[in-house]
Amino acid sequence: MVSRRTVLKSGAAALAAPGLIGFAQQSVTLKFHTFMSPTSNVWLNMHKAWMDKVERESGGRIKFEAYPAMQLGGSPVQLYDQAKDGVVDIVWTLPGNTPGRFPRTEVFELPFMMTNAEATSRAFWEFIQTKAADEYRDIHPIAFQVHGPGVIHVKSRLVTQPDDLRGLKMRGPTRQITKMLGYLGATPVGMPLPQIPDALSKGVIDGCVIPWEVVPSVKVHELVSYHSEFDPKGGALYTTTFVMGMNKARYQSLPPDLRKVIDANSGIETSAFLGRVQQSGDVPARKQAAERGNRIHTLVLAEAQEFRRRARQVEVEWVQDMDKRGFNGRDLLETARKLIDKHTKA
């Protein structure tokens, strides 16, 4: 008969075994940081939904400390480096916050490229894996996505043709989009999303380009009176790219089973989910602007042609820039278009 002391010793020895310590273990807590408002569609229906799913699928062993609205400090421009340097564990941010740092990524921000956010996000993920993975070598990528079609929002006048933008100071989110605004006739102003309400209120800008779903979170529908959207048949004016990325060392330090949970919530399907949910916020946000009595104009294909013609110079210059950097700009552009077309038709 085995003594009680022997049993206890055997149990203690078993628990001390490295493999079993690894199994019994630890929960991990990951810090998630972004610039989005805690009341925004993006935060509530994308970020929190993703974190809840990861927590659930890890059996509660992965937990999150969630920080919207830059609550951990710094500026939106610094988010990518916060993940790279391990200041936080996971971020959601715009590659375009740091102009020129992710040059091949910018192909998805060129005028009249995107179709819908879900298909374009799938294409974006596939493009990065095949054509630009080294642009994100400093982090562990979780998802690449875009938002729904960009919309023009102006305080003082309705925009139905490019000349209506002349003389207006218009906020753009990224380098390619501010260039586009310049070619359309506006005076482009680059600034992060959270600065828009104050800039509109103080007259620093006369309007901005953002997708519908972002409008309520920065109260743009309360600060402008005119909105110009593009009929999907004529193509979307623009979109913006986003990356959800994790500190590389933090990812690699996770136990293998928890890495698998992160992996299962990464990639092309997660990218598609984020894009789809972000664009799904367009309809209720548009309704809020309409209910305030704001004027909304939908530019049909014929009206979009002059916008397309003037904006094409952005594409030409991007291809030339890629060629100068040692990339085949035309190949990158054609690859992105083919991928968008493939996933849109799928």
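Residues numbered from 1 in each chain as written. Predicted model: local features only at pLDDT ≥ 70, side-chain atom pairs only at ≥ 80, totals over all residues. Heavy atoms only, no water.

**Digging into the confidence of the model for the chain**
Stage number 1. For the chain, the mean per-residue pLDDT works out to 94, and 93% of the residues sit at or above 70.
Stage number 2. A low-confidence stretch, residues 1–24 stays under pLDDT 50, and its non-local contacts, those more than four residues away or across chains, total five contacts. (pLDDT = per-residue confidence, 0-100. Contact = heavy atoms within 4.5 Å.)

**Quick look at the packing of helix H13 (residues 301–324) against helix H14 (residues 329–345)**
Stage number 1. It is the contact of H13 with H14, at a shortest axis distance of 7 Å, that shows an interaxial angle of 125°. Classified by the interaxial angle, the pair formed by H13 and H14 is oblique. Taking contact as the criterion, the partners of Glu315, Trp318, Val319, Met322 and Asp323 in H13 are, on H14, Gly329, Arg330, Leu332, Leu333 and Arg337.
Stage number 2. Along the lines of polarity and charge, the residues of the contact of H13 with H14 split into five nonpolar, one polar and four charged. (Axes fitted to C-alpha atoms, helices over the stretch in contact; angles between N-to-C directions. Helix = DSSP H or I, 4+ residues; strand = E, 2+ residues; numbered from the N terminus. Parallel < 35°, antiparallel > 145°, perpendicular 65-115°, else oblique. Nonpolar A, V, L, I, M, F, W, Y, C, P; charged D, E, K, R; others polar.)

**Digging into the packing of aromatic side chains**
Stage number 1. As enumerated under the stated definition, the model contains 15 aromatic pairs in all.
Stage number 2. With 6.3 Å between their ring centres and 65° between their planes, Tyr80 and Tyr136 make a pair best called edge-to-face. Of this pair, Tyr80 sits in helix H4 (residues 79–85) while Tyr136 is found in the loop between helix H5 (117–131) and strand S4 (139–146), placing the two residues 56 residues apart along the sequence. For the residue pair Tyr80 and Tyr136, the accessibility class agrees, reading buried in each case.
Stage number 3. Look at Phe102 and Tyr136: their rings are 4.8 Å apart centre to centre, the planes differ by 5°, and that puts the pair in the stacked class. Of the two residues, Phe102 is situated in the loop between strand S3 (90–93) and H5 and Tyr136 in the loop between H5 and S4; the sequence distance between them amounts to 34 residues. For the pair formed by Phe102 and Tyr136, the shared burial category is buried. (Phe/Tyr/Trp six-rings, centres within 6.5 Å; stacked < 30°, edge-to-face > 60°. Buried < 20%, exposed > 50% of the residue type's maximum accessible area, 1.4 Å probe, protein only.)

**A closer look at the sheet that holds S4**
The strands that make up a sheet are held in pairs by hydrogen bonds between backbone atoms, and each pair lies either parallel or antiparallel.
Stage number 1. Strand order in the open sheet made by the five strands is S2-S1-S3-S10-S4, with mixed pairing throughout. Lying at the two open borders of the sheet, with one neighbouring strand each, are strand S2 (62–67) and S4. On average, each strand axis in the sheet is inclined to that of its neighbour by 20°, with strand direction left out of account.
Stage number 2. Sheet topology places strand S1 (residues 28–34) next to S3; three bridges connect them, and they run parallel. Paired with His33 across the bridge in S3 is Val91.
Stage number 3. Of the strands in this sheet, S1, S2, S3, S4 and strand S10 (241–247) touch helix H3 (residues 41–57), which is tilted by about 160° from S2.
Stage number 4. Those strands touched by H5 are S4 and S10, and its axis lies near 145° from that of S4. (Pairing = 2+ DSSP bridges.)

**Details of empty space enclosed by the protein**
Stage number 1. With the rule as written, the count across this model stands at three cavities of 30 Å³ or more.
Stage number 2. Space inside the largest cavity adds up to approximately 140 Å³.
Stage number 3. Lining the largest cavity are 18 residues, with His147, Leu193, Pro211, Val214 and Phe242 sitting closest to its centre.
Stage number 4. Looking at the lining of the largest cavity, the element that brings in the most residues is strand S8 (residues 207–211), giving three residues.
Stage number 5. Each residue belonging to the lining of the largest cavity can be placed in one class, and the counts come to 13 nonpolar, three polar and two charged.
Stage number 6. In this structure, the second largest cavity occupies an estimated 60 Å³ of space. (1 Å grid on protein atoms, 1.4 Å probe; cavity = no way out; pocket = protein on both sides within 12 Å on 5 of 7 lines; lining within 4 Å. Points joined across faces, edges and corners; volume = space filled by probe spheres on them.)

**What to know about H5**
Stage number 1. Its 15 residues place the ends of H5 20 Å apart at the C-alpha level, agreeing with the 21 Å of an ideal helix rising 1.5 Å per residue.
Stage number 2. Inspection of H5 places Ala117, Ala119, Thr120, Ser121, Arg122, Ala123, Phe124, Trp125, Phe127 and Ile128 among the buried residues, and these make up the whole buried set.
Stage number 3. Elements in contact with the buried residues of H5: S4, S10, helix H11 (268–280) and H14.
Stage number 4. Its side-chain oxygen 3.2 Å from the backbone nitrogen of Glu118, Asn116 forms the N-cap of H5. (Expected span 1.5 Å × (residues − 1). Polar contact = N/O pair within 3.5 Å; in protein donor to acceptor, adjacent residues only side chain to side chain.)

**A closer look at the environment of Glu291**
Stage number 1. Mapped onto the fold, Glu291 is located in helix H12 (residues 282–291).
Stage number 2. A sequence separation of 70 residues divides Glu291 from His221, and the C-alpha atoms of the two residues are 9.8 Å apart.

**Section: the sheet that holds strand S5 (residues 150–154)**
Stage number 1. Strand order in the open sheet formed by six strands is S7-S6-S8-S5-S9-S11, with mixed pairing between adjacent strands. Of all strands in the sheet, those bounded by a partner on one side alone are strand S7 (187–190) and strand S11 (295–299). Each adjacent strand pair in this sheet contributes to an overall mean axis angle of 25°, direction not counted.
Stage number 2. In this structure, strand S9 (residues 226–230) lies alongside S11, joined through five bridges in parallel fashion. By the bridge assignment, Phe230 is partnered in S11 with Leu299.

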